[in-house]
2 protein chains.
Amino acid sequence: TAAYVSYKTYGVAYTKAASNKFMADPITDQKTLNSNRNDMKARMELFIMKVQADFCRALEAEEEGGAVFKVDRWTRKEGGGGITCVLQDGEVFEKAGVNISVVSGTLSPQAVAQMRSRGKKLQEGELPFFAAGVSSVIHPRNPMVPTIHFNYRYFEIQEDDGSIQWWFGGGTDLTPYYLNEEDSKHFHKTLKEACDKHNKGYYPKFKKWCDDYFHVAHRGERRGVGGIFFDDLDTPTQEQAFRFVSSCAEAVIPSYLPLVQKHKKDAYGYHERQWQLLRRGRYVEFNLIYDRGTKFGLYTPGARYESILMSLPLTARWEYMHAPQPGSKEAKLTEVLRNPRDWLGLEGEAH
Amino acid sequence: TAAYVSYKTYGVAYTKAASNKFMADPITDQKTLNSNRNDMKARMELFIMKVQADFCRALEAEEEGGAVFKVDRWTRKEGGGGITCVLQDGEVFEKAGVNISVVSGTLSPQAVAQMRSRGKKLQEGELPFFAAGVSSVIHPRNPMVPTIHFNYRYFEIQEDDGSIQWWFGGGTDLTPYYLNEEDSKHFHKTLKEACDKHNKGYYPKFKKWCDDYFHVAHRGERRGVGGIFFDDLDTPTQEQAFRFVSSCAEAVIPSYLPLVQKHKKDAYGYHERQWQLLRRGRYVEFNLIYDRGTKFGLYTPGARYESILMSLPLTARWEYMHAPQPGSKEAKLTEVLRNPRDWLGLEGEAH
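Residues numbered from 1 in each chain as written. Chains lettered and ligands numbered in written order. Predicted model: local features only at pLDDT ≥ 70, side-chain atom pairs only at ≥ 80, totals over all residues. Heavy atoms only, no water.

### Quick notes on the pairing of strand β3 (residues 93-107) of chain B
Within a regular beta strand, the side chains point alternately toward one face of the sheet and then the other, so they alternate between its two faces.
All names here are of chain B.
Here comes step 1: Most of β3 sits inside the fold, with 11 of its 15 residues counted as buried.
Here comes step 2: Taken together, the 14 bridges between β3 and strand β4 (residues 127-140) define a ladder with antiparallel strand orientation. Bridged to Gly 105 within β4 is Phe 129. (Buried < 20%, exposed > 50% of the residue type's maximum accessible area, 1.4 Å probe, protein only. Helix = DSSP H or I, 4+ residues; strand = E, 2+ residues; numbered from the N terminus. Pairing = 2+ DSSP bridges.)

Rendered as structure tokens:
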């Protein structure tokens, strides 16, 4: 992976050699990427291409039956496009999606108004924008292996006077079907280490933001055991914010793959599978009712809905009034979803 | 059923004899119902109780294995309550929900603003309201039997000067997994006959409204083959509007039960079942992303979410980039979902 470090740290040209390691050709043509090698738009595009390829290859390596990702490179008539990679019906992964998109165009007045309402100082009206991001949801087959989601994105908006506003956003979070405290701690510890290299305040702040965001409000439950989530990050400098986002994205594999390897051959039965399907129903509820990215995506005219909805599980279930038996393993998970935990014992530390 | 006609046509007292035919005791106490027998709130409550009971009994009669509805009567601390009846995992019905609710309380300023935005002339701020409705979604097991949904409701809002605004809303629509033109025509014809008794303009207007409302916009597909849908009906008089809504609700059984009886023993295989599950995924998309009632319900503090989400199928499926084979039975359905049909040949008639 040494060949790629350069994209992150310096502004190195896109080469055919790099291209061969990606899942498909980048969206932006080679000449433009090369001539803008110091521009964050080009750097982010090459970086998310690498994150996508590394993660897809790491997941494929777990599929002993040889399942591989199907790769769709698509373009958008309004500007830009994306690469959607989906592995469906594997032995280990029931449905795994890893998507990158690099899009530009004009933000609608409604979208601008929504950004202003969350505190962005933007002029009203239509504004040119650029967005590049990687997002992924992995639904494993074995109920003892958790689902992971992550998304890292870079956004630019240009105002009438030509000035650019930019920011990063993203996060990584885990949704187990059965609680394994050691797994949750490993996951949070890996994310914390990625954060701590940049700012000791990031992990506690973004851990709480994650618990608050992935909230299935009508049920009073979190989607899973959390992780980190942040948005509108434009400090301390563009370079440092990019390095932080890079550290987070690079922490995905070490946070998650050990859990896949540890549990992918665990024994389970009909009961555990049914519970997994019910929890996947809750996952669908969050994504379709509350998730800002999904809603923003689906309400965008000409959106590639297949790339947005690849986050949905292959199968989900809804039973009327289902409640786990008190004291059961299922009830133990539900308890944690209702009362998010301080996995790394940091609150005690603060006293 | 003669004993019930009285509720619809006159303001007759609620009696114990009537109660025994309902799924549970009404939400409003017997004394209040009796003393308000000419008030639309009491009349609508008794009417939806009867619609619920009649429909549940008609569905149970199709279940040769003896499956019956589970009945939950619930109350709401803010005022009112409901009766939720669900039959799950039957031989004929995989998941069937029939809910009534009779609630009162104070509309939030946001809810009032939303009503004003769709043209209601209401003062701003919090306003006392009353709502009574029946709603139902039936997901059969056999893919040759369509899913039906219906909802009929009465709403009252009281302004500061004591004046009352009232209106009715509702509709019935059909979602087949395989297109059977004869079934669609029977369904639409039954609804048209119910409409025509009251106003010849209703069916064409409410049929189009239904096609426009049940639109999975991001896919450019309707949820099913339509039916009727209307809202804010406050003409020509309260009595006549109630009689129209009664006719619609009473048309549910004759529009749908013949289709269940005709197809519940049709042969099908793995392929048809998988297609049914994929279409149920689309049903979930509509209900969680677009349906106004579901959103209004779930965003209401203290909502009984189990009664709202009983509309979701027992199982649903999402495959990345699934598309039916050109020329297949599945493609034939999709074609109709993209281009709603004039089932009764009325457009030709108008020329």
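That covers the picture; the talk isn't over yet.
### As for the packing of aromatic side chains
Here comes step 1: Throughout the structure, instances matching the rule amount to 48 aromatic pairs over all chains.
Here comes step 2: Where A:Tyr202 meets A:Phe206, the ring centres are 4.9 Å apart and the plane angle is 25°; that geometry is what we call stacked. Taken as a pair, A:Tyr202 and A:Phe206 lie in helix α7 (residues 202-213) at a separation of four residues, close to a single helical turn.
Here comes step 3: The buried category is assigned to A:Tyr202, whose relative accessible area is 10%.
Here comes step 4: Assessed through its relative accessible area of 2%, A:Phe206 is described here as buried.
Here comes step 5: An angle of 75° between the planes, with centres 6.1 Å apart, marks the rings of A:Tyr299 and B:Tyr290 as edge-to-face. Residue A:Tyr299 is found in helix α11 (residues 292-299), and its partner B:Tyr290 is found in helix α10 (residues 270-290); the two belong to separate chains. (Phe/Tyr/Trp six-rings, centres within 6.5 Å; stacked < 30°, edge-to-face > 60°.)

### Considering the confidence of the model for chain A
Here comes step 1: Per-residue pLDDT for chain A has a mean of 92; in total, 94% of the residues score no lower than 70.
Here comes step 2: Low pLDDT, under 50, characterises residues 1-12 of chain A; the predicted model gives this stretch 29 contacts beyond four residues in sequence or across chains. (pLDDT = per-residue confidence, 0-100. Contact = heavy atoms within 4.5 Å.)

### Regarding the relation of the copies chain B and chain A
Here comes step 1: Mapping chain B onto chain A leaves a residual RMSD of 0.0 Å; the transformation is a rotation of 180° accompanied by 0.0 Å of translation along its axis. The superposition of one copy onto the other is thereby described by a two-fold rotation axis.
Here comes step 2: By residue overlap, the copies meet face to face through one surface: 100% of the interface positions of chain B are interface positions in chain A. (Least-squares fit on C-alpha atoms with pLDDT ≥ 70 in both.)

### Considerations on the interface of chain B and chain A
Here comes step 1: Across the boundary between the two partners, chain B contributes 33 residues, which contact 33 residues of chain A.
Here comes step 2: Summing the contributions of chain B and of chain A, the shared interface buries around 3100 Å²; its carbon and sulfur component is 58%.
Here comes step 3: In terms of surface lost to chain A, no three residues of chain B exceed B:Glu306, B:Trp318 and B:Tyr320, which account for 26% of the buried area on that side.
Here comes step 4: Viewed at the interface, chain A and chain B are joined by zero salt bridges.
Here comes step 5: In this structure, the connection of chain B to chain A is made through 13 residue pairs in polar contact (both at pLDDT 80 or more).
Here comes step 6: Secondary-structure elements contributing two or more residues to the side of chain B that touches chain A are β1 (70-75), β2 (80-88), α10, α11 (292-299), α12 (305-308) and β10 (315-317) of chain B.
Here comes step 7: When residues in the side of chain B that touches chain A are grouped by element, the largest group, five residues, is from α10(B).
Here comes step 8: A class-by-class count of the residues in the side of chain B that touches chain A yields 17 nonpolar, five polar and 11 charged.
Here comes step 9: Here strand β10 (residues 315-317) of chain A pairs with β10(B) via three bridges, running antiparallel. Bridging across to β10(B), A:Thr315 finds its partner in B:Arg317. (Buried area = accessible area lost by both parts, 1.4 Å probe. Salt bridge = Lys/Arg side-chain N within 4 Å of Asp/Glu carboxyl O. Polar contact = N/O pair within 3.5 Å; in protein donor to acceptor, adjacent residues only side chain to side chain. Nonpolar A, V, L, I, M, F, W, Y, C, P; charged D, E, K, R; others polar.)

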